[in-house]
Protein chains: 2
Amino acid sequence: MSSRERAATLRLQDVAAAAGVSIATASRSLSGSPGVSATVAQRVRDVAADLGYVANMHARSLAGGPTRSVGLVVHEIGDPYFSEIASGVLGVGAREGLTVQICHTGRDPERELAQLRTLIANRVGAIIIAGSGLVDPSLQAAAKVELQAFRRSGGRVAVIGRHHLGVDAVLPDNTEGARAIAQHLLDLGHRRIAVATGSLSLTTVADRIAGVGEAFAAAGLAFGDVPVVEADFTRAGGKVAVEEILDEHPGTTAVMALNDDMAIGVLSALRARGISVPGQVSVTGFDDVAVAGDLAPSLTTVRLPMGEMGEQALLLALKEPGARPRRRTVGAELVVRDSSAAPPA
Amino acid sequence: MSSRERAATLRLQDVAAAAGVSIATASRSLSGSPGVSATVAQRVRDVAADLGYVANMHARSLAGGPTRSVGLVVHEIGDPYFSEIASGVLGVGAREGLTVQICHTGRDPERELAQLRTLIANRVGAIIIAGSGLVDPSLQAAAKVELQAFRRSGGRVAVIGRHHLGVDAVLPDNTEGARAIAQHLLDLGHRRIAVATGSLSLTTVADRIAGVGEAFAAAGLAFGDVPVVEADFTRAGGKVAVEEILDEHPGTTAVMALNDDMAIGVLSALRARGISVPGQVSVTGFDDVAVAGDLAPSLTTVRLPMGEMGEQALLLALKEPGARPRRRTVGAELVVRDSSAAPPA
DNA sequence: TTGAAAGCGCTAACAG
DNA sequence: CTGTTAGCGCTTTCAA
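Positions within a chain are numbered from 1, following the residues in the order the chain's sequence is written. Chains and ligands are labelled sequentially in the order written, the chains with letters from A and the ligands with numbers from 1. Confidence filtering applies because this is a predicted model: local features only for residues at pLDDT of at least 70, side-chain atom pairs given and counted only at 80 or more, and all residues used for totals across whole chains, interfaces and linings. With hydrogens and water stripped out, all remaining heavy atoms of the structure feed into the side-chain values.

**Regarding empty space enclosed by the protein**
Inference 1: The distinction between a cavity and a pocket rests on a 1 Å grid over the protein atoms alone: a 1.4 Å probe fits inside a cavity but cannot get out, while a pocket stays open yet meets protein on both sides within 12 Å along at least five of seven lines, and a residue with an atom within 4 Å of a point counts as lining. Grid points are joined across faces, edges and corners, and a volume is the space filled by probe spheres set on the points. With the rule as written, the count across this model stands at seven cavities of 30 Å³ or more.
Inference 2: Lining the largest cavity are 19 residues; nearest its centre among them are P80, V289 and V291 of chain A together with P80 and V291 of chain B.
Inference 3: Secondary structure elements are defined from DSSP: runs of H or I of at least 4 residues count as helices, runs of E of at least 2 residues count as strands, and each element is numbered from the N terminus. Only α5 (80-95) and α11 (260-272) of chain A together with α5 (80-95) of chain B provide two or more residues apiece to the lining of the largest cavity.
Inference 4: Only Asp, Glu, Lys and Arg are considered charged, only Ala, Val, Leu, Ile, Met, Phe, Trp, Tyr, Cys and Pro nonpolar, and every remaining residue, Gly among them, polar. The residue inventory of the lining of the largest cavity, partitioned by class, reads ten nonpolar, four polar and five charged.
Inference 5: Estimated volume of the second largest cavity: approximately 180 Å³.
Inference 6: Counting residues per element, the ones that place at least two in the lining of the second largest cavity are α5 and α9 (203-218) of chain A.
Inference 7: Classifying every residue of the lining of the second largest cavity by side-chain character gives seven nonpolar, six polar and four charged.
Inference 8: A domain assignment, automatic or from a database, supplies the domain bounds used here. For the lining of the second largest cavity, the domains that each give at least three residues are domain 2 (67-171 + 307-330) and domain 3 (174-304) of chain A.

**Remarks on the environment of G133 of chain A**
Residue and element names in this part refer to chain A.
Inference 1: Position of G133 relative to the elements: it lies in the loop between β3 (126-129) and α7 (141-152).
Inference 2: For G133, a relative accessible area of 0% translates into the label buried.
Inference 3: Separated by 69 residues in the primary sequence, G133 and L202 have C-alpha atoms spaced 5.8 Å apart.
Inference 4: In contact with G133, not counting residues within four places along its chain, are Q140, R162, H163, S201, L202 and T203. For every residue, the accessible area obtained with a 1.4 Å probe (protein chains only) is divided by the maximum for its type, and the residue is called buried under 20%, exposed over 50%, and partly exposed between those limits. Residues are treated as being in contact if the distance between any of their heavy atoms lies within 4.5 Å.

**Points about the interface of chain A and chain B**
Inference 1: The interface is formed by 62 residues belonging to chain A together with 62 residues belonging to chain B.
Inference 2: Together chain A and chain B conceal approximately 5,300 Å² of surface at their shared face, both sides included; 56% is due to carbon and sulfur atoms.
Inference 3: The rule for a salt bridge is simple: a side-chain nitrogen of Lys or Arg has to be within 4 Å of a carboxyl oxygen of Asp or Glu. Taking the shortest distance from any N to any O, the salt bridge between D294 of chain A and R235 of chain B comes out at 3.4 Å.
Inference 4: Every element with two or more residues in the side of chain A that touches chain B is listed here: α4 (57-62), α5, β2 (99-104), α6 (109-121), α10 (235-248) and α11 of chain A.
Inference 5: Element by element, the count of residues in the side of chain A that touches chain B is highest for α5 of chain A, at six residues.
Inference 6: Residue composition of the side of chain A that touches chain B, grouped by class: 25 nonpolar, 25 polar and twelve charged. Buried area is a sum: the accessible area each of two parts loses on coming together, probed at 1.4 Å, counted once for each and added.

**What to know about unusual backbone geometry**
Inference 1: For the peptide bond that leads from V277 of chain A to P278 of chain A, omega is 5°, which places it in the cis range.
Inference 2: The residue P278 of chain A is located in the loop between α11 and β9 (282-284) in this model.
Inference 3: Following A296 of chain A, the chain continues to P297 of chain A via a peptide bond in cis, the omega torsion being -5°.
Inference 4: With a phi close to 120°, D287 of chain B is a non-glycine residue in the positive phi region.

**As for the domain arrangement of chain A**
By a widely used convention, the size of an interface equals the accessible area lost when the partners come together.
Inference 1: When the domains of chain A are assigned, the result is domain 1 (3-63), domain 2 (67-171 + 307-330) and domain 3 (174-304).
Inference 2: Each of domain 1 of chain A and domain 2 of chain A has a C-alpha centre, and the two are 32 Å apart.

**Concerning the environment of L200 of chain B**
Residues and elements named next belong to chain B.
Inference 1: By secondary structure assignment, the location of L200 is in the loop between β6 (193-197) and α9 (203-218).
Inference 2: Once the C-alpha coordinates of L200 and E230 are considered, the two residues, 30 residues apart in sequence, prove to be 7.1 Å apart.
Inference 3: Discounting chain neighbours no more than four positions away, the residues touching L200 are V135, V205, I209, V228 and E230.

**Section: the confidence of the model for chain A**
Inference 1: Residue-level confidence of the predictor is summarised by pLDDT, bounded by 0 at the bottom and 100 at the top. In this model, chain A carries a mean pLDDT of 91, and residues with pLDDT of at least 70 account for 98%.
Inference 2: Here residues 2-7 of chain A is a poorly scored stretch, pLDDT under 50, and it has 18 contacts once near neighbours within four places are set aside; other chains count.

**Structural notes on the sheet that holds β9 of chain A**
Residue and element names in this part refer to chain A.
Inference 1: In space, the four strands of this open sheet follow the order β7-β6-β8-β9, with parallel pairing throughout. Every other strand in the sheet has two partners, leaving β7 (228-230) and β9 as the edge strands with one partner each. Each adjacent strand pair in this sheet contributes to an overall mean axis angle of 20°, direction not counted.
Inference 2: As defined by bridge partners, strand β8 (residues 254-257) adjoins β9 across three bridges and the pair is classed as parallel. Two strands pair if DSSP finds at least two bridges between them. Lines fitted to the C-alpha atoms define the axes, with helices restricted to the stretch that makes contact. Angles between their N-to-C directions range from 0 to 180 degrees.

**Let's talk about the sheet that holds strand β8 (residues 254-257) of chain B**
Residue and element names in this part refer to chain B.
Inference 1: Taking strand neighbours across the sheet as the criterion, the four strands line up as β7-β6-β8-β9 in an open arrangement whose pairing is parallel. Of all the strands in the sheet, the pair left with one neighbour each is β7 (228-230) and β9 (282-284). Each strand axis lies, on average, 20° off the axis of its neighbour in the sheet, ignoring direction.
Inference 2: Bridge analysis of β6 against β8 gives four bridges, and the strand direction is parallel.

**A look at the relation of the copies chain A and chain B**
Inference 1: After a rotation of 180° and a shift along the axis of 0.3 Å, chain A superposes on chain B with an RMSD of 0.5 Å. Such values leave the two copies arranged in the relation of a two-fold axis.
Inference 2: Taken together, the interface assignments show that 97% of the residues at the interface of chain A recur at the interface of chain B, consistent with an identical surface on both copies. Overlaid copies result from least-squares superposition on C-alpha atoms, with residues included only where pLDDT is at least 70 in both.

**Thoughts on the protein's contact with DNA strand C**
Inference 1: We call a residue near a given molecule or strand whenever any one of its heavy atoms falls within 4 Å of it. Near DNA strand C, the surroundings consist of 25 residues, among which T25 and R28 of chain A together with L12, S27 and Y53 of chain B are the closest.
Inference 2: Within the backbone of S22 of chain A, a nitrogen or oxygen atom sits 3.0 Å from a phosphate oxygen of DNA strand C.
Inference 3: We define a polar contact as two N or O atoms separated by no more than 3.5 Å, with the added condition that, inside protein, one atom must be a possible hydrogen donor and the other a possible acceptor, whereas residues neighbouring each other in sequence contribute only through side-chain atom pairs. L12 of chain B is positioned such that a nitrogen or oxygen atom in its backbone is 2.4 Å from a phosphate oxygen of DNA strand C.
Inference 4: Residue assignment for the surface near DNA strand C shows that the elements contributing at least two residues are α2 (23-31) of chain A together with α2 (23-31) and α4 (57-62) of chain B.
Inference 5: For the surface near DNA strand C, the element with the most residues is α2 of chain B, which contributes four residues.
Inference 6: Here the surface near DNA strand C is composed, by residue class, of 13 nonpolar, eight polar and four charged.

What follows is the structure, encoded as structure tokens:
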């Protein structure tokens, strides 16, 4: 991938020559800077369009011009939660003429730090972090330092979810969503509920569990006895978690998975065991990924507007930075479908 | 997103100074170029790592160094088919220390062309096109010209699927997969089969339909009477298509959706109409997206190794370019699950 | 309002 | 084996 032998691409020089002006004037015309007569500016733009000229962003960036590129950090793009967020980001990116670099962290803080450094080295104008934050602030301390420096030097940052990063954030109301769905199960009469969750070190998980606790408290029930089984935040993790729940808590009538991916695994494992949903066991998810409504039984879950969250995050990052971090809360809406019902008599 | 005010980031200069060498030596050490003693090179690398130095890719690229960045063109990243491919690409990208820019085309040739131009202007080292090609070569003629120029100037290109672009390609065996799944339905005894498909202008669709035709021919059946209903290659499109099939071809016993997304929509619409699958109507998909096995009924489909296709495409692009375009065929494997059975008696 | 010229940080000749 | 130096294409003072 050497570019040494790159053929002569169209340069600003060529446009300037074709328009009969200096490259300084051409530059000003194309970037819309003041100090050029309207007629000349227009002519230059026409010529550039005619020639199919596109500025070399490396040269532009190196010369201190504005960067039209943003970085998006996700845990795993194959996960529908993140791919839907990414879709939102790419959507406004395209509208705004921005280039979007996406990178994986695999939920590893070190990888995340490395990716952040790369993005910063690539001089992206903004960074969107879509993965959940970590409960322990110290694990992201290095990332925080890096991002602060990035912001001081004019970079924009926005995160999706609760982080200890001190930057603009789009916050899904995880606690309220979890409260609502837990209450839904309690209202149906479930008392032997188990929770299947991803890593407890994620703020997303902490917030959702807090919501579940709130619902129990509101119902005057003790949350302490509720089994909370930790596994991967994936379909496979859901299978693992539900096996454990079934084995160790045989009387369970409802499994709350803390994301849809796990819930799908739970449904699948239950079907494999011949346990009917919601007849014998109710199952709930969280996120409302696109496929949730098309499962059978369709999944009772909490809807998070992932695409919109991605859009909002980028829009937030694009805004003039404020004095203090801004927060945009997006609602989490209970969606009752067929996977939840009253417990067996 | 101006970077004019960027604070002084670590430069190669700084590393060189800290290591007590010239920037030339530092450059060679970091890029692994020959002509530096192993000891010095190692010391420079240690110093750089210590300082947390990351090269400014814009400067590097502008100076004619190798570009560590690739562009990935997809129709829609929110579609699991593409997000799984993207996951494969990001995976090897991370391993190889490459930056990946992703962009949407929304299946619009003009948007695709524009994105291609941007990628090229951004001086990516390689471009991976993951969306299906078009049956009509003229629609991609402009893209072809652009890509040829890109390649002549040292850029690498690989596509996934059949395109008329004359470049390296990863080719899923769509025809064989479709033949196999059609034969599966015919073997089960289905004779009133309908096809629900995305745009007929896609080569992917053309190839899959050809495969279906082959199966009919092999069975000595006429394919001409089979209803082929065209709609969006999405869940919603599947719903639309199956409504039409049900209304206009009431005797249909099997619906072959030409991708899983449509199949999910078909299943959903059938469930809404109270039609049992596979009791009354069998349904098949194509791709085997992650969720296909977790649907109820689980989906009979054709497995395409999307992640691997993404990996292969990038690996292909990274290789020294050959004299002629290379092709890597990946198998399409029939996966029989619960959504297909013998037609009702 | 326009043009000339000085870099941005790096790579790759070319010298030593 | 190491250092010096000339650009890469663009933006942006500074002069005209």
